[in-house]
There are 2 protein chains.
Amino acid sequence: MKARVHITLKSGVLDPQGKAVHNALTSLGFDGVDDVRQGKYLELDLVESDAEQARAAVEAMCTRLLANTVIEDYQIELEDG
Amino acid sequence: MKARVHITLKSGVLDPQGKAVHNALTSLGFDGVDDVRQGKYLELDLVESDAEQARAAVEAMCTRLLANTVIEDYQIELEDG
């Protein structure tokens, strides 16, 4: 089973990396951008084939290692195969 | 209009960051992980409201700045509002 995890900064948390990308886009002439937020994206190949167990495992991975839940949100999508 | 951009390493390109996450998960006792690939995730707020024009603009941003197309693939999703 495959898990796709999006880790994004909570709204209200400053995103200097997104701001830097925004500035770089503007300086390249891309004016039509109001805001940029940068997050992380992880693809995990899991041995587990049960969706519920897989989700529980990935939730534990997110809270213990992948995301800083003080300032970040995570979102998990599972996919067979 | 909102654009979500996923930038991932092409298959076959070594992913040391994903490997480091994999090792860290294993050392925390998460054994059921076969592989980890790490990518980037960007949310762009665009002024453009026409989907075709927005996609063309974000494609240009990806090829010129956001992605290194020699080793990375990008995927663009657009969303109204």
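Here's what I pulled together on the structure shown here. (Residues numbered from 1 in each chain as written. Chains lettered and ligands numbered in written order. Predicted model: local features only at pLDDT ≥ 70, side-chain atom pairs only at ≥ 80, totals over all residues. Heavy atoms only, no water.)

1. Considering the sheet that holds strand β3 (residues 72–79) of chain B
Think of a sheet as strands paired side by side through backbone hydrogen bonds, with each pair either parallel or antiparallel.
Now for step 1: One open sheet holds the six strands; their spatial order is β3(A)-β1(A)-β2(A)-β2(B)-β1(B)-β3(B), and the pairing between them is antiparallel. In this open sheet, the two strands that pair with only one neighbour each are β3 (72–79) of chain A together with β3 of chain B. Sheet twist, expressed as the mean angle between neighbouring strand axes with direction ignored, is 20 degrees.
Now for step 2: Here strand β1 (residues 2–9) of chain B runs beside β3(B); their pairing, made up of eight bridges, is antiparallel. Directly across from B:Thr8, in β3(B), lies its bridge partner B:Asp73.
Now for step 3: Against the sheet, helix α2 (residues 51–66) of chain B engages β2 (33–46) of chain A together with β1, β2 (33–46) and β3 of chain B, with an angle of about 155 degrees to β3(B). (Pairing = 2+ DSSP bridges. Helix = DSSP H or I, 4+ residues; strand = E, 2+ residues; numbered from the N terminus. Axes fitted to C-alpha atoms, helices over the stretch in contact; angles between N-to-C directions. Contact = heavy atoms within 4.5 Å.)

2. Thoughts on the relation of the copies chain A and chain B
Now for step 1: By a simple turn and slide, chain A fits onto chain B: the slide is 0.0 Å along the axis, the RMSD is 0.0 Å, and the turn is 180 degrees. Seen this way, the second copy is the image of the first under a two-fold rotation axis. Of every C-alpha in chain A, the one belonging to A:Lys40 sits nearest the axis of rotation, 2.5 Å from it.
Now for step 2: A shared interface surface links the copies, since 100% of the contact residues of chain A are contact residues in chain B too. (Least-squares fit on C-alpha atoms with pLDDT ≥ 70 in both.)

3. Focus: α2(B)
Now for step 1: Taking 1.5 Å of rise per residue, the 16 residues of α2(B) would be expected to cover 22 Å, yet its terminal C-alpha atoms sit only 19 Å apart, more than 12% below that figure.
Now for step 2: Listed in full, the buried residues belonging to α2(B) are B:Ala54, B:Val58, B:Met61, B:Cys62 and B:Leu66. Projected onto a plane normal to the axis of α2(B), the buried residues spread over an arc of 100 degrees and lie on a single side. Across from the buried face of α2(B), at angles greater than 90 degrees, the exposed residues are B:Glu52 and B:Arg64.
Now for step 3: The inward-facing, buried residues of α2(B) abut α1 (16–27) and β2 of chain A together with β1, β2 and β3 of chain B. (Expected span 1.5 Å × (residues − 1). Buried < 20%, exposed > 50% of the residue type's maximum accessible area, 1.4 Å probe, protein only. Arc of directions from axis to C-beta.)

4. Thoughts on the pairing of strand β1 (residues 2–9) of chain A
Residues and elements named next belong to chain A.
Now for step 1: Counting buried positions along β1 gives six out of eight residues, so the element sits mostly inside the fold.
Now for step 2: Bridge analysis of β1 against β2 gives six bridges, and the strand direction is antiparallel. In the strand pairing of β2, Lys 2 is matched with Asp 45.

5. Points about the side chain of A:Asp15
Residue and element names in this part refer to chain A.
Now for step 1: By the element assignment, Asp 15 lies in the loop between β1 and α1.
Now for step 2: In this structure Asp 15 is buried but unpaired, with Arg 37 as the nearest side chain of opposite charge at 4.3 Å.
Now for step 3: Setting aside residues no more than four positions away along its own chain, Asp 15 makes contact with Leu 9, Val 36, Arg 37 and Gln 38. (Lys, Arg positive; Asp, Glu negative; His and termini not counted. Salt bridge = Lys/Arg side-chain N within 4 Å of Asp/Glu carboxyl O.)

Interpretation in functional terms is not warranted from these geometric data alone.
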